[in-house]
Amino acid sequence: MSKNLDINIHHLTRVEGHGNIVVNMRDGKLERAELEIVEAMRYFEAMLKGRSFHEAAIITSRICGICALGHQMTSLKATEDALGLEISKQTLLLRKLLVNGATLQSNILHVYFLVAPDLLGAPSVFPLIPTHKEVILRALRMKRLANDIGDIVSGRAVHPITPVPGGFTRIPTVGELTGIKRKLIEEGLPDVKETVETIKSLAGVIPNFTRETEYISLKHKDEYALYDGDIYSSDTGAKDVHDYMEMTNEFVVPHSTSKHAKHNRTSYMVGALARWNNNYDQMTELSQAAAKELGLTPKTYNPYFNSVAQVVECAHCIEDSIKIIDQLLADGLKDEKPNQTPTKYGRGVGSTEVPRGILYHEYEYDRRGNIVYANCVIPTGQNLANIDDDMKKLVPEIIEKPKEDIIKHLEMLVRAYDPCISCSVHMLNVEFINED
Amino acid sequence: MTTEAKIKPKVAFFDFTSCEGCQLNKLNLENDLLDILEHIDIVEFREAMDDKAEEYDIAFIEGSISTPSCVERIHDIRRRSKMLIALGACATQGGINAMKNLHPIEEVRETVYGDDKYLFPTLPAMPISAIVKVDYKIDGCPMSMPEFLKVLKSLLAGQEPIKPDSAVCVECKLKENECVFDKGMVCLGPITRGGCDAICPSFGQFCTGCRGLISNPNKNAMLEILTEHGISLDEAKKRILLFNSYDHSQSLPK
Ligand code: SF4
Ligand code: SF4
Ligand SMILES: [Fe+2]
Ligand code: NI
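Residues numbered from 1 in each chain as written. Chains lettered and ligands numbered in written order. Predicted model: local features only at pLDDT ≥ 70, side-chain atom pairs only at ≥ 80, totals over all residues. Heavy atoms only, no water.

**Considerations on the overall build of chain B**
Scanning chain B from N- to C-terminus turns up 11 helices and 5 strands. Relative to a compact globule of 254 residues, whose C-alpha radius of gyration would be 18 Å, chain B shows 19 Å and is just as compact. Its C-alpha atoms put chain B at 60 × 55 × 30 Å along the principal axes. Residue burial in chain B is summarised as follows: out of 254 residues, 59% are buried. Contacts in chain B between residues at least 24 apart in sequence constitute 72% of all its contacts with a sequence separation of at least 6. Approximately 10900 Å² of chain B is accessible, and the part contributed by carbon and sulfur atoms is 53%. If you average the places of the 29 positive and of the 38 negative side-chain charges in chain B, the two averages end up 4 Å apart. (Helix = DSSP H or I, 4+ residues; strand = E, 2+ residues; numbered from the N terminus. Rg over C-alpha atoms; globule rule 2.2 N^0.38 Å. Buried < 20%, exposed > 50% of the residue type's maximum accessible area, 1.4 Å probe, protein only. Contact = heavy atoms within 4.5 Å. Areas by Shrake-Rupley, 256 points an atom, 1.4 Å probe, with all protein chains shown as cover. Lys, Arg positive; Asp, Glu negative; His and termini not counted. Charge placed at Lys NZ, Arg CZ, Asp CG, Glu CD.)

Here's what the structure looks like:
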């Protein structure tokens, strides 16, 4: 077969940041299948040089408004590791609550606002408002609930205010936490069950494509790892977070302003599906039941199912947040001041599971507490090589389909990864080359 | 807002170099979102929809200009927009992006890309108004959502929105917060333009100056207060420049 195909999707929509999908096939031979990242580079590593430890999390939060909380947590952990600052159990629990809130907010936004239009054949969520009012109202309610956690516990869901090195500048009140808990129980639990039903009814539209790859996430001995853990590869096992460079091996490619990464193979996957594949047995009961309902089995190799894993995580975040609040209330809230007296100055690494996957920050501080070296490795950057590899397998499998279908499959594939391009350039656009 | 029988204004959202926090923050107006959508017609919003349009009554712009292609794109948008509004510190004043302008551009490139530094063209980060006319600015990093709603309502009613110009410090005192200086922190509230209801000090954190400085800021007095509270002059200047490098890096004492 001598098929020629040229696809060039410029500035892909319904993703965060600017990217293009470029596919060229000549005489049935695939020459290019790439996600080009064209977002402007922001040079955060350079901006961090010389800044005080009080500012590191404030600055890195601005890497990405969608993953702001995740960057902040990772930054605080790297700073605390470098300066030898211990945090209290209360701080740890409040941070875990915030991570659940941010994961819930981001997963809901992605599944309902960015992916659902594909499943329903709509160009955006807006035309769905009159036709699917109930569903939209539910999505908004769940987003509000997630943002309430951020607004109340951290002062503001986008670029949180209160989390600082060593603790919090303000501790939420018993009344505030009880209020969140009530909403989690009265709205969150029923809404997430309905969400599972909605997604189940649309699951038939999810493309059937599999490509087994290396899955990398955090892994924690006691819990489903979001806030903390060791690095874990489905190929090679666990590694200390301080050795993250051996996992990421970032390199520059000409078609992307964001760096690519590889470990044991030509590419690896991070994000909700990687977390599910590595740690599914540590999720809450409700999430396990949701996974069963949605046909998400342990070891799922269909990248389109990343969105399904995100729904399952929503159930986890809601249930786990209720447990955390119970624990905080049982321990009694203390008006603690942040611990900001360094016990050493040196290098530190922080790693957190943010909605799109494993994130690393590394800083080195001088004796005045100012940054001399910074490096941030972003989940979307780590997924780029894996997306390219998926496209290389996918295109020949669907080449007999009409061009519009091929485009749709590619766009949906990239969206399934929930790429955060602002983040990855500290991007997306489809370019097809198919003309017979 | 009575819009019956009126044609809804065509509104578009665009993002330049930014974290997209301001863009997505709008989707965080969950309680008002459906109401807003009854009064405006969103014709372009790449992050949420596939649609594109030719002309806009109001274009909301987020992010800074930082590459040659940004310059081209903003000209094109301005040409097709009746009114153009900058959202958030990146767009109104260069914001955090402009911090890169403090370092020599060669060094900045090398830090991130090493030997591959010339693969991607970059410019110093600039606010939108450095390139095209901006009709109104909504400050903050992220932009203040209550302010966004207020401005949108004024515009829909055909009124000129009012720009806040008193200091964060004034708003903070009105709220009877404990001053963060008394907690051992240093704060830019005295010279920062308010309108955020002093949200950071209200949550026990210092103000980083994200909304830009008031019209006639006494920067020398501010530097003096900061150094009296235990940070070096160099450090004090850096604090002021965090969100204000584009407008103020040249005017601080050497
Ligand atoms: S002003 Fe702040 S929140 Fe808005 S886009 Fe810029 S960095 Fe993000
Ligand atoms: S208090 Fe200062 S830093 Fe905080 S939002 Fe207001 S102007 Fe920005
Ligand atoms: Fe990086
Ligand atoms: Ni991000």
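**Looking at the domain arrangement of chain B**
Residues and elements named next belong to chain B. For chain B, the assigned domains are domain 1 (10–156) and domain 2 (168–248). Between domain 1 and domain 2, the C-alpha centre-to-centre distance is 25 Å. The interface of domain 1 with domain 2 comprises 17 residues on the first partner and 13 residues on the second. Note on domain 1 versus domain 2: buried area summed over both sides is about 1200 Å², and carbon and sulfur give 57% of it. If you look at where domain 1 meets domain 2, you find 2 salt bridges. Taking the shortest distance from any N to any O, the salt bridge between arginine 211 and glutamate 147 comes out at 2.9 Å. Across the domain 1-domain 2 interface, the total number found is 7 residue pairs in polar contact (both at pLDDT 80 or more). (Domains from an automatic or database assignment. Buried area = accessible area lost by both parts, 1.4 Å probe. Salt bridge = Lys/Arg side-chain N within 4 Å of Asp/Glu carboxyl O. Polar contact = N/O pair within 3.5 Å; in protein donor to acceptor, adjacent residues only side chain to side chain.)

**Regarding the site of ligand 2**
Lining the immediate surroundings of ligand 2 are Arg156(A), Val168(B), Thr192(B), Cys196(B), Ile199(B), Cys200(B), Pro201(B), Cys207(B), Thr208(B), Gly209(B), Cys210(B) and Arg211(B). Ranked by residues supplied to the shell around ligand 2, first place goes to helix H8 (residues 199–202) of chain B with 3 residues. (Near = heavy atom within 4 Å.)

**Notes on the site of ligand 1**
In the neighbourhood of ligand 1, 14 residues make up the surrounding shell, with Cys19(B), Cys22(B), Ala89(B), Cys90(B) and Cys141(B) lying closest. Around ligand 1, the neighbouring residues derive from chains A and B rather than from a single chain. At the level of secondary structure, the elements contributing two or more residues to the shell around ligand 1 comprise helix H1 (21–26) and helix H4 (88–93) of chain B. With 3 residues, the top contributor of residues to the shell around ligand 1 is H4(B). Here the shell around ligand 1 is built from residues that sort into 6 nonpolar, 5 polar and 3 charged. (Nonpolar A, V, L, I, M, F, W, Y, C, P; charged D, E, K, R; others polar.)

**Observations concerning empty space enclosed by the protein**
Taken as a whole, the largest cavity spans an internal volume of roughly 230 Å³. Lining the largest cavity we find 21 residues, and of these Ile66(A), Ala102(A), Gln105(A), Asn147(A) and Ala157(A) sit closest to its centre. Put simply, the parts of the chain that give the lining of the largest cavity at least two residues each are helix H3 (68–83), helix H4 (89–120) and helix H6 (133–154) of chain A together with H1 of chain B. (1 Å grid on protein atoms, 1.4 Å probe; cavity = no way out; pocket = protein on both sides within 12 Å on 5 of 7 lines; lining within 4 Å. Points joined across faces, edges and corners; volume = space filled by probe spheres on them.)

**Re the interface of chain B and chain A**
If you look at the interface, chain B gives 56 residues, while chain A gives 65 residues. Taken together, both faces of the contact between chain B and chain A bury some 5400 Å²; the carbon and sulfur share is 64%. Per-residue buried area on chain B facing chain A is highest for Glu30(B), Arg46(B) and Phe203(B); these three make up 13% of the total on that side. Put simply, chain B and chain A have 3 salt bridges between them. Note that Arg239(B) is salt-bridged to Glu55(A), the shortest N-O span being 3.6 Å. Counting every contact that joins chain B to chain A gives 12 residue pairs in polar contact (both at pLDDT 80 or more). Broken down by secondary-structure element, the contributors of at least two residues to the side of chain B that touches chain A are H1, helix H2 (30–39), helix H5 (105–113), H8 and helix H10 (233–241) of chain B. Residue composition of the side of chain B that touches chain A, grouped by class: 26 nonpolar, 15 polar and 15 charged.

**Focus on the state of the cysteines**
With the rule as written, the count across this model stands at 0 disulfides over all chains. The cysteine Cys187(B) is free of any disulfide, with Cys207(B) supplying the nearest cysteine sulfur at 5.1 Å. (Disulfide = S-S within 2.5 Å.)

**Section: the pairing of strand S2 (residues 41–45) of chain B**
Residues and elements named next belong to chain B. Among the 5 residues of S2, 4 are classified as buried, and the element is accordingly described as predominantly covered. Inspection of the sheet shows strand S1 (residues 10–15) paired to S2 by 4 bridges, in the parallel sense. Paired with lysine 10 across the two strands is aspartate 41, which belongs to S2. (Pairing = 2+ DSSP bridges.)

**Notes on the packing of H3(A) against H4(A)**
All names here are of chain A. It is at 9 Å that the axes of H3 and H4 come closest, and there the two elements cross at 150°. Of the possible angle classes, the one that applies to H3 and H4 is roughly antiparallel. For the crossing formed where H3 meets H4, the hand is left-handed. Every residue of H4 that contacts H3 at Leu69, Met73, Leu76, Lys77 and Glu80 is listed here: Arg95, Leu98, Val99 and Ala102. A breakdown of the residues in the contact of H3 with H4 according to their chemical character gives 6 nonpolar, no polar and 3 charged. (Axes fitted to C-alpha atoms, helices over the stretch in contact; angles between N-to-C directions. Parallel < 35°, antiparallel > 145°, perpendicular 65-115°, else oblique. Left-handed = near helix turned anticlockwise from the far one by under 90°.)

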